Amino acid sequence: MSGLESYINHTVSIITADGRNFIGTLKGFDQTINIIIDECHERVFSTSSGIEQIVLGLHIIRGDNIAVIGLIDESIDSRLDLANIRGEPLGPVVH
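About the thresholds
Residues numbered from 1 in each chain as written. Predicted model: local features only at pLDDT ≥ 70, side-chain atom pairs only at ≥ 80, totals over all residues. Heavy atoms only, no water. UniProt positions renumbered as here; feature names shortened; annotations may be inferred. Salt bridge = Lys/Arg side-chain N within 4 Å of Asp/Glu carboxyl O. Helix = DSSP H or I, 4+ residues; strand = E, 2+ residues; numbered from the N terminus. Buried < 20%, exposed > 50% of the residue type's maximum accessible area, 1.4 Å probe, protein only.

As annotated in an unreviewed UniProt entry, the chain carries the name U6 snRNA-associated Sm-like protein LSm8 and is attributed to Drosophila guanche. Within the UniProt record for the chain, the comment given under Subcellular location (unreviewed entry) is "Nucleus". The chain has a UniProt comment under Sequence similarities (unreviewed entry) that states "Belongs to the snRNP Sm proteins family."

The next point concerns the pattern of salt bridges. Counted according to the given criterion, the structure contains 3 salt bridges. With a shortest N-O distance of 2.8 Å, aspartate 77 and arginine 43 are connected by a salt bridge. With a gap of 34 residues between them, aspartate 77 in helix α1 (residues 74-77) and arginine 43 in strand β3 (residues 35-44) connect regions that are remote in the sequence. Both residues of the pair, aspartate 77 and arginine 43, count as buried.

Laid out in structure tokens, this is it:
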């Protein structure tokens, strides 16, 4: 069993090689780790305003663009005040 199989139908955070952060419900993946996430939104970080959430719905992310995939603790995530969190946007992954 792949490590990702246990993440199916759970909320995940995906950070891409270009520094974007997507949150959604993992619905599936293939052998090259192309990812299908539902109820997806992108979190855009800023040092001057809160975290903006852009609703995307059903979304596919190419496996060769994924840097990190992790589970989200929904009980903690739901308590975050994203409007008051400031942060530097992530830069691209450099090899």
